[in-house]
Amino acid sequence: MVKVTLNDTVLAESDKTVVVEGNHYFPPDAINSAALTSSAADTHTVCPWKGTASYYDATIGGKTVVSDVAWYYPETKEKANNIKGYVAFYKNKVNIQ
């Protein structure tokens, strides 16, 4: 079981993550959607083999506590179809156990 926390709030927890390039990608049903909101900066990045990533901010108690804490690929290129919609977190912004 892999668990992501920030300030004692669980952001994600699953035993069905997919590891890609050293990052755990969590299935959508393992995400605490109440604690993640779309990036206020509307951040997007492009990976040549996965596609265009969108980002989430961590919002706890109604306040954004960490910007662009996680990313996901709403649409993927063919080689990354196994992580479409899955969410990964920056290791330096959260606790991953």
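Structure's up top.
Residues numbered from 1 in each chain as written. Predicted model: local features only at pLDDT ≥ 70, side-chain atom pairs only at ≥ 80, totals over all residues. Heavy atoms only, no water.

## Observations regarding the overall build of the chain
Phase 1 of the analysis: Of regular secondary structure, the chain possesses zero helices and ten strands.
Phase 2 of the analysis: The helix and strand sequence of the chain, counted from the amino end, reads β-β-β-β-β-β-β-β-β-β.
Phase 3 of the analysis: In terms of C-alpha radius of gyration, the chain reaches 13 Å, essentially the compact-globule figure of 13 Å for 97 residues.
Phase 4 of the analysis: Overall, the chain is about 35 × 30 × 20 Å in size when its C-alpha atoms are taken along their principal axes.
Phase 5 of the analysis: Taking all 97 residues of the chain together, 46% fall into the buried category.
Phase 6 of the analysis: Looking at the chain alone, contacts between residues at least 24 apart form 41% of all its contacts between residues at least 6 apart.
Phase 7 of the analysis: In the chain, which carries 9 positive and 10 negative side-chain charges, the distance between the mean positions of the two groups comes to 4 Å. (Helix = DSSP H or I, 4+ residues; strand = E, 2+ residues; numbered from the N terminus. Rg over C-alpha atoms; globule rule 2.2 N^0.38 Å. Buried < 20%, exposed > 50% of the residue type's maximum accessible area, 1.4 Å probe, protein only. Contact = heavy atoms within 4.5 Å. Lys, Arg positive; Asp, Glu negative; His and termini not counted. Charge placed at Lys NZ, Arg CZ, Asp CG, Glu CD.)

## Examining the nonpolar core
Across soluble globular proteins, nonpolar side chains show a tendency to be buried alongside one another.
Phase 1 of the analysis: In terms of nonpolar packing, the biggest core is built from 19 residues, with Phe26 and Phe89 touching the most fellow members.
Phase 2 of the analysis: When residues of this core are traced back to their parent elements, those giving at least two are strand 1 (2-6), strand 2 (9-14), strand 7 (51-60), strand 8 (63-72) and strand 9 (87-89).
Phase 3 of the analysis: Of the residues forming this core, the biggest block, four residues, is contributed by strand 8. (Core = buried A, V, L, I, M, F, W, Y, C linked by side-chain atoms within 4.5 Å.)

## Quick word on the sheet that holds strand 2
Phase 1 of the analysis: In spatial order, the strands read 2-1-10; together these three strands make up an open sheet with antiparallel pairing. What marks the edges here is a single partner per strand, and that holds for strand 2 and strand 10 (95-96).
Phase 2 of the analysis: Summarising the sheet, strand 1 and strand 10 pair through two bridges and their orientation is antiparallel. Directly across from Thr5, in strand 10, lies its bridge partner Asn95. (Pairing = 2+ DSSP bridges.)

## So, unusual backbone geometry
Phase 1 of the analysis: In this model, Asp8 sits at a positive phi of 65°, which is unusual for a non-glycine residue.
Phase 2 of the analysis: Of note, Asp42 is a non-glycine position whose phi angle comes to about 55°, a positive value.
Phase 3 of the analysis: Considering the arrangement of structural elements, one finds Asp42 in the loop between strand 5 (36-38) and strand 6 (44-47).
Phase 4 of the analysis: Judged by relative accessible area, which is 54%, Asp42 ranks as exposed.

## Section: the side chain of Thr5
Phase 1 of the analysis: Note on placement: Thr5 falls in strand 1.
Phase 2 of the analysis: For Thr5, a relative accessible area of 13% translates into the label buried.
Phase 3 of the analysis: Filtering out sequence-adjacent residues up to four positions away, Thr5 remains in contact with Val10, Leu11, Val94 and Asn95.

## A look at the side chain of Ser14
Phase 1 of the analysis: As for its position among the elements, Ser14 is in strand 2.
Phase 2 of the analysis: Within the structure, the side chain of Ser14 is placed 2.8 Å from the backbone nitrogen of Lys16, a separation counted as a polar contact.
Phase 3 of the analysis: For Ser14, the residues in contact, after removing those within four places along its chain, are Met1, Val2, Phe26, Pro27 and Ala30. (Polar contact = N/O pair within 3.5 Å; in protein donor to acceptor, adjacent residues only side chain to side chain.)

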